[in-house]
Amino acid sequence: MSYKNKNLEELKKKIDNVESRSLDSKLPKKEGGAGFGFKISTEIIAALIVGVGIGLIVDNYFNTKPIGLIIFFIFGALAGFLNVYRVMRRIEKQR
Amino acid sequence: MAAKGEKHSPLEQFEIVPISNIEIGSYNISFTNSSFAMLITVLLITMFLTLTVNTRSIIPSRLQLISELMYNFIAQLLTDTVGDNGKKYFPFVFTLFMFVLIGNMVGMIPYQFTFTSHIIVTFALASIVFIGVTILGFINHGIKFFTFFYIPGVPFYMHPLLIPIEVISYLSRPISLSVRLFANMLAGHTLLKVFAGFVVSMPFFTGVLPLTFIVALTGLEILIAFLQAYVFAILTCLYINDAYHLH
């Protein structure tokens, strides 16, 4: 009887061990510097693309050649920084 | 191919080659190597998931375990990020995840086309997510969804500046989502081909060096393939969450 219990306890210990290990490494947390930089740069570039796109459309529509582009480029850049801020906050929260 | 000569560009692998030409009206809807890769991907997913779960054994076989692991992975992701509301969107997120994951993996097979390395494919996927999430936001909140762009607790004179920024930030979502997946796959596969070129062109036995590097790089590339599918899925979950909880 005691022999059996001991075996079971050992098994439980083993299972706990495996479970805790698999929980630790479940999410791919290890990310190189390149991947991180990539994430940040896409956020800025995406916002800039949208800003410049809107600026060009506005210029085309209202015939205000450089002004719309300038204004929305700045808005796009600021939106890019906002995106980066949000991504960083999410990463910080995960830690 | 041999007649074309010795020019082998690292970007040649991304060329779209029609397998059978189909044209309806002025639209070219040819069945290309990209469509072929997608077809293989869908068939692989369907066959794998149906065949492995088919037995429904309580003590799962190894393959069944893989299927259940994938299921649990996405189910856990949804409950963690969206909460109880997320259960409804499991089929959608799971389909997206599997399509991107297996698509990336199919692309890792030599001579196989990687359809996720084309911006139009990833952008279409991201647009589906973006449009769907926007509609979802309007269904849940009606016209109040626009308060998503309104940040409370900011001086009133800042709003003319902040609201356009918020709108642009919102509109940039599908672009950042698609560009991330596309650029990762494009860069990885190009890098592999560039180093493969070094193997042939380097003198004597020094070609072994880039060859070993390719082996390591292939492993990294498989990790990236999984990571990008995961990122795509988790961002979809976060966007669905945003459609439920403004701010």
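Please refer to the structure placed before this passage.
Below, the structure is looked at part by part. (Residues numbered from 1 in each chain as written. Chains lettered and ligands numbered in written order. Predicted model: local features only at pLDDT ≥ 70, side-chain atom pairs only at ≥ 80, totals over all residues.)

**What to know about the overall build of chain A**
Here comes step 1: Each helix and strand in chain A was counted, giving three helices and zero strands.
Here comes step 2: When burial is assessed residue by residue, chain A has 17% of its 95 residues classed as buried.
Here comes step 3: Considering only contacts in chain A between residues 6 or more positions apart, those separated by 24 or more positions represent 55%. (Helix = DSSP H or I, 4+ residues; strand = E, 2+ residues; numbered from the N terminus. Buried ≥ 20, exposed ≤ 12 C-beta atoms within 10 Å, placed from the backbone. Contact = placed C-beta atoms within 7 Å.)

**Overview of the interface of chain B and chain A**
Here comes step 1: Taken together, the contact between chain B and chain A spans 13 residues of the former and 16 residues of the latter.
Here comes step 2: Going through the elements one at a time, α5 (159-171), α6 (173-201) and α7 (208-244) of chain B are the ones with two or more residues in the side of chain B that touches chain A.
Here comes step 3: Of the residues contributing to the side of chain B that touches chain A, the split by class is nine nonpolar, three polar and one charged. (Nonpolar A, V, L, I, M, F, W, Y, C, P; charged D, E, K, R; others polar.)

**Side note on the nonpolar core**
Here comes step 1: In this structure, B:Val93, B:Leu96, B:Phe97, B:Val100, B:Phe232 and B:Ala233 are the most contacted members of the largest nonpolar core, which totals 48 residues.
Here comes step 2: Residue assignment for this core shows that the elements contributing at least two residues are α2 (33-62) and α3 (65-94) of chain A together with α2 (62-81), α3 (90-108), α4 (119-141), α5, α6 and α7 of chain B.
Here comes step 3: Not counting residues up to four positions away in its chain, the partners in contact with B:Val93 are B:Ile74, B:Leu78, B:Ala233, B:Thr236 and B:Cys237. (Core = buried A, V, L, I, M, F, W, Y, C linked by C-beta atoms within 7 Å.)

**Remarks on the environment of B:Met105**
Here comes step 1: If you trace the backbone, B:Met105 turns up in helix α3.
Here comes step 2: Considering only alpha carbons, one finds B:Met105 and B:Ile234, 129 residues apart in sequence, at a separation of 19 Å.

**Quick notes on the environment of A:Ala77**
All names here are of chain A.
Here comes step 1: Here Ala77 is to be found in helix α3.
Here comes step 2: A C-alpha to C-alpha distance of 5.6 Å links Ala77 and Leu48, two positions 29 residues apart in sequence.
Here comes step 3: When sequence neighbours within four positions are dropped, the list of residues in contact with Ala77 reads Leu48 and Gly51.

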